[in-house]
Amino acid sequence: METEQSLIIYYIAIACYLGSAILYIDLLFSKRRRLYIAGFYLIAAGLFFHTIFLAYRWSISGHAPFVGLFESLSFFAWSIMLFYLVIELTYKERSVGAFVIPLGLIIAFLSFLPSKGISPPIPVLNTLWFEIHVAASFFSYALFAIAFSMGIIVLIKRLHFTGTRLQTPSKKAMDNITYSAIFWGFILFSAGMISGGIWAFYAWGTYMLWTPKELWSLIIWIYYAGLLHALFVKEWQGNRVVYLNLAGFLIVLFTYVGVGLLMKSSHQF
């Protein structure tokens, strides 16, 4: 299979995500079971095709499929969809998909912008520590994205006009999902930082190069550690935690894309 032809599989996956997003959004205003079943199977199908695409990139490139901006955006979108399915199957809250799936879809659409060529193997990346570092980091990003979506739901519930009948999750369900997403995201991000330090030691002889990317990653770690604490402080519960949650994901996005574009760093993304 040629590289360009393999993109067709990726486009099929995104088409499935798009159809699923439309059905889940419609589900906000109705309880039609057929819509949910179709939407669920579409996102599952999209994840299946997306996984095949990533596996193919891995097999022909010789490295994990998150080197370069295109692959990292694609892997980011895949991670969001994967963890969304885990969240739905765990908490049985279907309406969450109307907010999480479109967010993952936006990330997938953004992957169309950079070059889609396959990067040749780079010796410094030829280590399991690199793969653990990046995978754990993007898994944490995906969970922070889900927590961010919960914050968007809270804002919409507060702002939508009287008369609308949105089938949104209960406050208890949103609180549980938000806490779980932030907690496990923080754990995975910590694992990413630790494995990144080990990788850096083998690659450059030091655990930290103090580049802007690493400094901003440290900021994320401190920020979400504080946010986890704030979730249990009565005075900070409510609007303050919601806004901190929303701001946290914006910091994640800036660290992921903005630092690489605006500052010199050892990281490509």
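Values in this document were obtained by computation on a predicted structure and should not be read as measured data.

Undergrad: Mind showing me how you'd approach the overall build of the protein chain here?
TA: The helix and strand tally for the protein chain stands at 8 helices and 0 strands. Counting from the amino terminus, helix and strand elements in the protein chain follow one another as α-α-α-α-α-α-α-α. Carbon and sulfur atoms provide 69% of the accessible area of the protein chain, an area that totals close to 13,300 Å².

Undergrad: Hey, could you run me through the packing of helix 3 (residues 69–91) against helix 6 (residues 171–204) in this one?
TA: Each pair of packed helices gets described by two things: the angle between the helix axes and the distance between those axes. In contact at an axis separation of 12 Å, helix 3 and helix 6 are set at 135° when each is read in the N-to-C sense. What the angle tells us is that helix 3 and helix 6 run oblique. For the pair helix 3 and helix 6, the sense of crossing is right-handed. Contacts from F83, I87 and Y91 of helix 3 reach helix 6 at N176, I177, S180 and L188.

Undergrad: Honestly, helix 5 (residues 128–159) in this entry has me stumped. Any pointers?
TA: The periodicity of an α-helix, 3.6 residues per turn, causes residues three or four positions apart to be oriented the same way. Taking 1.5 Å per residue as the helical rise, helix 5 with its 32 residues ought to reach 46 Å, and the 47 Å between its terminal C-alpha atoms agrees with that figure. The backbone nitrogen of W129 lies 3.2 Å from a side-chain oxygen of the residue at the head of helix 5, namely T127.

Undergrad: When you look at the side chain of S72 in this model, what are you seeing that I'm missing?
TA: Along the chain, the position of S72 falls in helix 3. Its relative accessible area of 0% is what places S72 among the buried residues. A polar side-chain atom of S72 sits 3.0 Å from the main-chain carbonyl oxygen of L69.

Undergrad: What should I look at first to understand the pattern of salt bridges in this one?
TA: Pairing is possible between side chains of opposite charge, provided their charged atoms come close. According to the stated counting rule, one finds 2 salt bridges in the structure shown. Notably, a salt bridge pairs K171 with D175, separated by 2.8 Å at the nearest N-O pair. Of this pair, K171 and D175 both sit in helix 6, 4 residues apart, which is roughly one turn of that helix. Look at K171 and you get exposed, because its relative accessible area is 58%.

Undergrad: Would you mind showing me how to read the packing of aromatic side chains here?
TA: When we look at a pair of aromatic rings, we describe it by the centre distance and by the angle of the planes. Taken as a whole and judged by the stated rule, the model has 37 aromatic pairs. Pairing Y10 with Y11 gives two aromatic rings, centres 6.4 Å apart and planes at 35°, and the pair type is tilted. Under the relative-accessibility criterion, Y10 is labelled buried at 0%. Y11 sits in the partly exposed class, given a relative accessible area of 38%. Arranged with centres 6.5 Å apart and planes meeting at 50°, the rings of F144 and F189 form a pair that is tilted.

Undergrad: Help me understand a nonpolar patch on the surface, please; the structure alone is not making it clear to me.
TA: There is a patch of nonpolar side chains on the surface, built from I8, Y11, I12, L18, I22, F109 and F112 and spanning about 600 Å² of accessible area. In terms of residue count, helix 1 (residues 3–27) provides more of the nonpolar patch than any other element does, 5 residues in total. Tracing the backbone shows I8 in helix 1. Residue classification places I8 among the partly exposed residues on the basis of a relative accessible area of 48%.

Undergrad: Help me out: how do you make sense of the nonpolar core in this one?
TA: Generally speaking, a soluble globular protein has its nonpolar side chains buried in company with each other. Formed by 78 residues in total, the largest nonpolar core has its most connected members in Y24, F75, F76, Y84, Y224 and F249. Put simply, the parts of the chain that give this core at least two residues each are helix 1, helix 2 (33–61), helix 3, helix 4 (97–110), helix 5, helix 6, helix 7 (212–230) and helix 8 (239–262). Sort the elements by how many residues they give to this core and helix 5 lands first, with 16 residues. Aside from chain neighbours lying at most four places away, what touches Y84 is Y24, I43, E93, R94, V96, G97, V100, I101 and I146.

Undergrad: Got a minute to help me understand the side chain of H50 in this structure?
TA: Tracing the backbone through its elements, the reader meets H50 in helix 2. Judged by its relative accessible area of 0%, H50 falls in the buried class. In this view, H50 contacts Y10, A13, Y17, S74, A77 and W78; residues no more than four positions away in its chain are not counted.

Undergrad: Is there a simple way to explain helix 3 in this structure?
TA: Along its 23 residues, helix 3 runs 32 Å from first to last C-alpha, staying within 8% of the 33 Å computed at 1.5 Å per residue. Of the residues trailing helix 3, K92 is marked for its positive phi of about 60°.

Undergrad: Help me understand the environment of I251, please; the structure alone is not making it clear to me.
TA: By secondary structure assignment, the location of I251 is in helix 8. Separated by 28 residues in sequence, I251 and Y223 place their C-alpha atoms 9.2 Å apart. Setting aside residues no more than four positions away along its own chain, I251 makes contact with W216, I220 and Y223.

Undergrad: How should unusual backbone geometry be read in this particular structure?
TA: Excluding glycine, a negative phi dihedral is what most residues carry, and trans is how most peptide bonds are arranged. Backbone geometry at K92 places phi at a positive 60°, although glycine is not the residue there. Note that K92 resides in the loop between helix 3 and helix 4.

Reading the values: the criteria
The residue numbering used here restarts from 1 in each chain and proceeds along that chain's sequence as written. Only residues with pLDDT of at least 70 are given local features in this predicted model, and only at 80 or more are side-chain atom pairs given and counted; all residues enter the totals for whole chains, interfaces and linings. Side-chain metrics in this entry use all non-hydrogen atoms of the structure; hydrogen atoms and water are not considered. Helix numbers and strand numbers start at the N terminus; a helix is a DSSP run of H or I with at least 4 residues, a strand a run of E with at least 2. The accessible surface values rely on the Shrake-Rupley method and a 1.4 Å probe; as for residues, cover is taken only from the protein chains in view. Angles here are taken between N-to-C directions and fall from 0 to 180 degrees, while the axes themselves are lines fitted to C-alpha atoms, restricted in helices to the stretch in contact. Note on angle classes: values under 35 degrees are labelled roughly parallel, values over 145 roughly antiparallel, values of 65 to 115 roughly perpendicular, and the remainder oblique. Two helices that cross are described as forming a left-handed crossing if the nearer one is turned anticlockwise from the farther one by less than a right angle, and a right-handed crossing if clockwise. Contact between two residues is taken to exist if any of their heavy atoms lie within 4.5 Å; hydrogens are not considered. Multiplying one less than the number of residues by 1.5 Å gives the expected span of a helix. Under the rule applied, a polar contact is a pair of N or O atoms within 3.5 Å (in protein, one hydrogen donor and one hydrogen acceptor; residues adjacent in sequence only if both atoms are side-chain atoms). Only protein chains enter the accessibility calculation, which uses a 1.4 Å probe. A residue is then buried if its area is under 20% of the maximum for its type, exposed if over 50%, and partly exposed in between. Each reported salt bridge corresponds to a side-chain nitrogen of Lys or Arg within 4 Å of a carboxyl oxygen of Asp or Glu. Any two rings among Phe, Tyr and Trp, with Trp reduced to its six-membered ring, count as a pair given centres within 6.5 Å; such a pair is stacked if its planes are under 30 degrees apart, edge-to-face if over 60, and tilted if neither. Candidate patch residues must exceed 30% relative accessible area and have no salt bridge, after which like charges are joined if within 9 Å and Val, Leu, Ile, Met, Phe, Trp or Tyr side chains if within 5 Å. For our purposes a nonpolar core is just a set of buried Ala, Val, Leu, Ile, Met, Phe, Trp, Tyr and Cys residues, chained together by side-chain atoms within 4.5 Å.

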